Amino acid sequence: MKSLAQNQPTRRLIGSLSALGLTLTLASCGGGGGGTGADKAASTDTGGAGGFDGEVKVGILHSRSGTMAISENTVAEAELMAIDEINAAGGVKVDGKKLKMVPVEEDGASDWPTFAEKSKKLIDQDKVAVVFGGWTSASRKAMLPVYEAKDAFLYYPIQYEGQECSKNIFYTGATPNQQAEPAVSWLLKNKGKDFFLVGSDYVYPRTANTIMKEQLKAQGGKLVGEDYLPLGNTEVAPIIAKIKQALPKGGVIVNTLNGDSNVAFFKQMKAAGITPANGYAIMSFSIAEEEIAAIGPEYLEGTYAAWNYFQSLDTPASKKFTTDFKAKYGDKRVTNDPAEAAYSMVYLWKLGAEKANSVDDNKVRESLVGVSFDAPQGKITVQPNHHIEKLVLIGEVQKDGMFKILENKGMVKPVAWNQFVPETKGYTCDWTQKRPDAGKYKL
Amino acid sequence: MTSLLDTLFNGLAIGSVLMLAALGLAVVFGLMGVINMAHGELMMLGAYTTYVVQNLLKTGPLQALFPAYILIAIPLAFLVSGLAGLVLEKTVIRRLYGRPLETLLATWGVSLILQQLVRSVSTAFFIGLVLALVLGLGLPRFLPAAWLRQRWSPLLKLGSWLLAGGLGIALAALAGQTRQLRLPWFSARNIEVTAPQWLRGSIEVAGVTMPTGRLFIIALTALSLIAVHWFLQKSVWGIRIRAVTQNRSMSSCLGIPTDKVDALSFLVGSGLAGVAGVAVTLLGSVGPNMGGNYIVDCFMVVVLGGVGKLLGTVVAALGIGILSYVLGSGSLLLLWPQMPAALNSLITFFATTSMAKVLVFMLIVAFLQFRPAGLFPQKGRMVEA
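Residues numbered from 1 in each chain as written. Chains lettered and ligands numbered in written order. Predicted model: local features only at pLDDT ≥ 70, side-chain atom pairs only at ≥ 80, totals over all residues. Heavy atoms only, no water.

**Q** Help me understand the overall build of chain B in this model?
**A** When helices and strands are tallied, chain B shows 17 helices and 2 strands. Relative to its length of 385 residues, chain B is compact, with a C-alpha radius of gyration of 24 Å against a globular reference of 21 Å. Of the accessible surface of chain B, which amounts to about 17500 Å², a share of 73% is contributed by carbon and sulfur atoms. Where the 25 positive side-chain charges of chain B centre and where its 10 negative ones centre are 10 Å apart. (Helix = DSSP H or I, 4+ residues; strand = E, 2+ residues; numbered from the N terminus. Rg over C-alpha atoms; globule rule 2.2 N^0.38 Å. Areas by Shrake-Rupley, 256 points an atom, 1.4 Å probe, with all protein chains shown as cover. Lys, Arg positive; Asp, Glu negative; His and termini not counted. Charge placed at Lys NZ, Arg CZ, Asp CG, Glu CD.)

**Q** Got a minute to help me understand the domain arrangement of chain B in this structure?
**A** For an interface, size is often stated in terms of accessible area lost upon the parts coming together. Looking at the assigned domains, one finds that chain B contains domain 1 (2-118 + 193-384) and domain 2 (122-183). Taken over C-alpha atoms, the centre of domain 1 of chain B sits 36 Å from the centre of domain 2 of chain B. (Domains from an automatic or database assignment.)

**Q** Quick question: what am I supposed to make of the pairing of strand 8 (residues 222-229) of chain A here?
**A** All names here are of chain A. Direction of pairing for strand 7 (residues 194-200) relative to strand 8: parallel, over a ladder of 7 bridges. What sits directly across from phenylalanine 195, in strand 8, is leucine 223. Crossover handedness for the path strand 7 to helix 6 (residues 203-219) to strand 8: right-handed. (Pairing = 2+ DSSP bridges. Right-handed = clockwise from strand over helix to strand, strands pointing away.)

**Q** How do you make sense of the pattern of salt bridges when you look at a structure like this?
**A** Side-chain pairs of opposite charge can arise where the charged atoms are in close proximity. Residue and element names in this part refer to chain A. Counted by the stated rule, this structure contains 28 salt bridges over all chains. Across the pair glutamate 301 and lysine 399 runs a salt bridge, and its minimum N-O distance is 3.8 Å. Taken together, the positions of glutamate 301 in the loop between helix 10 (297-300) and strand 11 (304-307) and lysine 399 in the loop between strand 14 (388-397) and strand 15 (403-412) put the pair 98 residues apart, joining distant regions of the chain. Under the relative-accessibility criterion, lysine 399 is labelled exposed at 66%. In this structure, a network of salt bridges that share partners links the residues Glu106, Lys118, Lys121 and Asp126. (Salt bridge = Lys/Arg side-chain N within 4 Å of Asp/Glu carboxyl O. Buried < 20%, exposed > 50% of the residue type's maximum accessible area, 1.4 Å probe, protein only.)

**Q** In this structure, what is going on with the sheet that holds strand 3 (residues 97-107) of chain A? I would like to understand it.
**A** Remark on secondary structure: sheet strands pair via backbone hydrogen bonds, oriented parallel or antiparallel. Residue and element names in this part refer to chain A. Across the sheet, which stays open at both edges, the 6 strands sit in the order 2-3-1-4-5-6 with mixed pairing between neighbours. Unpaired on one side and paired on the other, strand 2 (92-94) and strand 6 (169-171) mark the two borders of the sheet. Averaged over all neighbouring strand pairs, the angle between strand axes comes to 30°, with direction disregarded. The pairing of strand 2 with strand 3 spans 3 bridges and is classified as antiparallel. From the neighbouring strand, lysine 93 faces strand 3, where its bridge partner is lysine 98. Docked against the sheet, helix 2 (residues 69-88) engages strand 1 (54-62), strand 2, strand 3 and strand 4 (130-133), running at close to 170° with respect to strand 1. (Axes fitted to C-alpha atoms, helices over the stretch in contact; angles between N-to-C directions. Contact = heavy atoms within 4.5 Å.)

**Q** Sorry, what's going on with the pairing of strand 10 (residues 280-284) of chain A here?
**A** On a regular strand, each side chain points to the face opposite its neighbour's, so the side chains alternate between the two faces of the sheet. All names here are of chain A. With 5 of its 5 residues buried, strand 10 lies for the most part within the structure. Every second residue of strand 10 is oriented toward a common face, with Tyr280, Ile282 and Ser284 on one face and Ala281 and Met283 on the other, all of them buried. Of the pairings in the sheet, the one linking strand 9 (residues 251-256) to strand 10 comprises 5 bridges and is parallel in character. When the bridges of strand 10 are listed, valine 252 appears paired with alanine 281. Handedness of the crossover joining strand 9 and strand 10 through helix 8 (residues 261-271) is recorded here as right-handed.

**Q** Got a minute to help me understand the interface of chain B and chain A in this structure?
**A** Counting residues at the interface gives 58 residues for chain B, matched by 58 residues for chain A. Where chain B abuts chain A, roughly 4700 Å² becomes buried across the two surfaces, and 59% of that area is made up of carbon and sulfur atoms. Of all residues in chain B, Arg189(B), Arg200(B) and Thr353(B) give up the largest surface area on contact with chain A, accounting jointly for 14% of the area buried on that side. For the salt bridge of Glu235(A) with Arg214(B), the shortest nitrogen-to-oxygen distance reads 2.6 Å. Joining chain B to chain A, the criterion identifies 13 residue pairs in polar contact (both at pLDDT 80 or more). Counting only elements with at least two residues in the side of chain B that touches chain A, the list comes to helix 1 (2-31), helix 4 (100-120), strand 2 (208-211), helix 13 (291-305), helix 14 (310-329) and helix 17 (353-370) of chain B. Of the residues in the side of chain B that touches chain A, the class split is 28 nonpolar, 22 polar and 8 charged. (Buried area = accessible area lost by both parts, 1.4 Å probe. Polar contact = N/O pair within 3.5 Å; in protein donor to acceptor, adjacent residues only side chain to side chain. Nonpolar A, V, L, I, M, F, W, Y, C, P; charged D, E, K, R; others polar.)

**Q** Any chance you could explain a nonpolar patch on the surface here in plain terms?
**A** Residue and element names in this part refer to chain B. On the surface, Phe125, Leu129, Leu133, Leu137 and Trp161 cluster together into a nonpolar patch covering about 460 Å² of accessible area. If one sorts the elements of the nonpolar patch by residue count, helix 5 (residues 123-142) sits on top with 4 residues. Here tryptophan 161 is to be found in helix 7 (residues 153-175). (Patch = residues over 30% accessible without salt bridge, like charges linked within 9 Å, V, L, I, M, F, W, Y side chains within 5 Å.)

**Q** Hey, could you run me through the environment of Ser331(B) in this one?
**A** Inspection of the secondary structure puts Ser331(B) in the loop between helix 14 and helix 15 (332-335). A relative accessible area of 5% means that Ser331(B) is categorised as buried.

**Q** I tried to follow the packing of aromatic side chains on my own but got confused; where do I start?
**A** How two aromatic rings sit relative to each other is set out by the distance from centre to centre and by the angle between their planes. Taken as a whole and judged by the stated rule, the model has 22 aromatic pairs over all chains. Arranged with centres 6.4 Å apart and planes meeting at 35°, the rings of Phe153(A) and Phe170(A) form a pair that is tilted. Of this pair, Phe153(A) sits in the loop between helix 4 (137-150) and strand 5 (154-156) while Phe170(A) sits in strand 6, and the two are 17 residues apart along the sequence. Relative accessible area serves as the criterion here: at 3%, Phe153(A) is assigned to the buried category. Arranged with centres 4.7 Å apart and planes meeting at 75°, the rings of Tyr48(B) and Phe186(B) form a pair that is edge-to-face. In this pair, Tyr48(B) sits in helix 2 (residues 39-58) while Phe186(B) sits in the loop between helix 8 (179-182) and strand 1 (202-205), placing the two residues 138 residues apart along the sequence. (Phe/Tyr/Trp six-rings, centres within 6.5 Å; stacked < 30°, edge-to-face > 60°.)

**Q** Could you clarify how one ought to interpret the side chain of Gln179(A) in this entry?
**A** Residue and element names in this part refer to chain A. Relative to the elements of secondary structure, glutamine 179 occurs in the loop between strand 6 and helix 5 (180-190). Polar contacts involving the side chain of glutamine 179 include one to the main-chain carbonyl oxygen of alanine 306, which spans 2.7 Å. With near-sequence residues (within four places) excluded, glutamine 179 lies in contact with Gln159, Ala174, Tyr204, Phe285, Ala306 and Trp307.

**Q** Explain the side chain of Thr50(B) to me, please; I cannot follow it from the model alone.
**A** Residue and element names in this part refer to chain B. Structurally, threonine 50 can be placed in helix 2. Given the relative accessible area of 0%, threonine 50 is considered buried. Setting aside residues no more than four positions away along its own chain, threonine 50 makes contact with Tyr69, Ala73, Val193, Val278 and Thr281.

**Q** I tried to follow the environment of Leu199(B) on my own but got confused; where do I start?
**A** All names here are of chain B. With respect to the element layout, leucine 199 can be found in the loop between helix 8 and strand 1. When the C-alpha atoms of leucine 199 and proline 211 are compared, they prove to be 7.7 Å apart, with 12 residues separating the residues in sequence. When near neighbours in sequence (up to four residues on either side) are disregarded, leucine 199 contacts Ile70, Thr212, Gly213, Phe216 and Leu282.

**Q** When you look at helix 5 of chain B in this model, what are you seeing that I'm missing?
**A** Note: α-helices contain 3.6 residues per turn, so residues at a spacing of three or four share the same orientation. The terminal C-alpha atoms of helix 5 of chain B, which comprises 20 residues, lie 28 Å apart, in line with the 28 Å expected from a rise of 1.5 Å per residue. By the largest-angle criterion, Gly136(B) marks the main kink of helix 5 of chain B, which is about 25°, and a proline, Pro140(B), follows within four residues. (Expected span 1.5 Å × (residues − 1). Bend = angle between axes of the 7 residues up to and from the residue.)

**Q** How should I be thinking about the state of the cysteines in this particular structure?
**A** Disulfides are covalent bonds that link the sulfur atoms of two cysteine residues. All names here are of chain A. On inspection of all chains with the given rule, the structure shows 1 disulfide over all chains. Each disulfide pairs two cysteine sulfurs, and for cysteine 165 the partner residue is cysteine 429, the sulfurs being separated by 1.9 Å. The chirality of the disulfide connecting cysteine 165 with cysteine 429 is left-handed, given an S-S dihedral of about -60°. With cysteine 165 in the loop between strand 5 and strand 6 and cysteine 429 in the loop between strand 16 (427-428) and strand 17 (441-442), this residue pair connects regions lying 264 residues apart in the sequence. The pair cysteine 165 / cysteine 429 is uniform in exposure class, with both members buried. (Disulfide = S-S within 2.5 Å.)

**Q** Help me understand the confidence of the model for chain B in this model?
**A** Close reading of the predicted structure is inappropriate where its pLDDT is low. All names here are of chain B. Across chain B, the average pLDDT comes to 85, with 97% of residues at 70 or higher. Summarising per-element confidence for chain B, the mean pLDDT is lowest in helix 15 (69) and highest in helix 12 (residues 258-280) (93). Here residues 380-385 is modelled with pLDDT under 50, and outside its nearest four sequence neighbours on either side it reaches 16 contacts, counting other chains as well. Here the predicted complex carries an ipTM of 0.77, next to a pTM of 0.79. (pLDDT = per-residue confidence, 0-100.)

**Q** So what exactly am I meant to see when it comes to the packing of helix 1 of chain B against helix 14 of chain B here?
**A** When two helices pack together, you describe them by how their axes are tilted relative to each other and by the distance separating the axes. Residue and element names in this part refer to chain B. Interaxial distance between helix 1 and helix 14 falls to 7 Å at its minimum, and their mutual angle equals 140°. Here helix 14 runs oblique to helix 1, going by the angle between their axes. When you trace helix 1 past helix 14, the crossing you get is right-handed. In terms of residue class, the contact of helix 1 with helix 14 is built from 16 nonpolar, 7 polar and 1 charged. (Parallel < 35°, antiparallel > 145°, perpendicular 65-115°, else oblique. Left-handed = near helix turned anticlockwise from the far one by under 90°.)

Right under this line is the structure:
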């Protein structure tokens, strides 16, 4: 009798616990993270220059808390730095007036629906002229319908999987043909034909890998295996076993893991002997200078990355950018590709507004195509498909956590609809065309 | 043969991480019936302790000890997490025994507080916090004892806490004027813990590559398990813990200080979480959010094993470890090459890490439908109200 009576609450407890466990798993799959953001960057100061004739509000929407905060803080800081610089130089000069850029910051909290909700708030309540924001493709996909419905504008600074071309988004990060494709060609030419693809389980790695698989087919490579890890998962032993099975004597591993899983991946790969010294060429698409510092250069030395900007890029503009960033946010900080793209896109918007002589978003959109800016990576130009012509670099991680640039492929034009994937082959995007399907039409 | 050995080793490796992480929870949840959602954050404190020890030994007079920093970090992490657990028990859990759902919510809140604490703690923050705590606890002692017996004494206490808090915030703000004091110790970024050289390589036995870090974790798990077993079975306090688990009121009648027993079990359970935190720095990332990666797995192990039985935790952890390795790596195909084609394609479908996780979860849920109390059910108090 007694044991029965006692069993009852236990049973109920276990029931509610398994339900809770399931909810938690779902929540962590969604990449949600609790907590609120720390170390908010100092907001822009008034500059004291004075003499402004008005203000223009711009939205800054990145994750300042949760799993993505580590990466997105840097991007937000780079945008704030650009805004400060523009204000110090007299603001945005439109219609004979000097407008001061006033950033309105919101926290996307690493939670994709929050990004959409905060976007609505920035557009409707704060009436910002433009929003700079997003990191993961999942957050962009969540925001996209909001900007299209309200005919507002999002500037998105991260390398992504392509296969999208919205009138209401400016993509200032790389498309696959500016990062993944040249990297795969380079690997095929220099490192081997057998490829193993590893990625986080969400839209960017899956789409990027689809493209790479088609490219391998077209260029004579061989796919020996692929696997996906749920975001935040740290148990990599099964994947390592598969890599060893598929590539016992070395080969090429392309890594599109995002966030914390990278740390587990590289620590455990090193322990299992899957290292550059043993004949494995490892190429990562989501590891920049910032991530190297968090993972530890010991684990990454000798692996490769493809980006459009490296801190080690030896040009005066690049050096000035890094020096300014360090002066503002601390000596230990590093600059990287996403920060560079974020910094540049604020300037691009400013130049677009000045060319249109208005901060009205549709006028800026039309004038922005063709605008050039001397970015830290070199002179970049906005293309008719709302993407940027960018420098393509391949680098190798050094002991000090910086990249040695192995190959500079020069400026490459962006291709939004991938030409390796059969479904989008032959399609293009050109927003200067006055046709209803300008976002995706067959040439 | 090699592939079988390989499977066993890797299953054991995954299982031992799960076991070490769940061991503390088995004590706290299994023996005391407290649903501690902050368990993952107690692991995080252990991992941060490892980071601090690593940085202290990297340079300075004790540099010779650096290769062994992880061994030094283990007892320290046990202490840090154990003390944090003790404070948690004394301030929060103590008031909530017998109310599992409230403990769930309260410890969830505590986990958020701990996450934010490591993100924002700086010297200025720390000074303010210490001042507020010292004043808050100390002020009432300076008041005439007669006042504290009055009806309005709660108001007095509230007032002194408010005053202490205000002064603490003021001091923190004042100290924050200096840039050096304002800089966060860890910040929201992930931190870098690099394993010492001897734990970064691997050795080869009978064709199976065994990473030394994994071997270290297996050994650490075995040691912790033996220690916990000895503690519960042989030591005086362990026997008292088991007595209170079986019958609280009778133990109390016989003169066992149940308050102390509760505090001690919580300290041990939390300390074990700290040790697990040291171990996972060898495998994964260290950051404020890392706790969330482990908490679900920990509960899964304890619930599957049967609440209140260490043996259950061991079997469940190893079972889940081997199962998720076999499924996730697709090594079933290697072990049984002549498998029928239909089964073969089914297994290939589940042979990705994501799908293996789904399948393991489904199997556990299905199993619990038939054995709701887990592998090794035990009668005991679930802290009867």
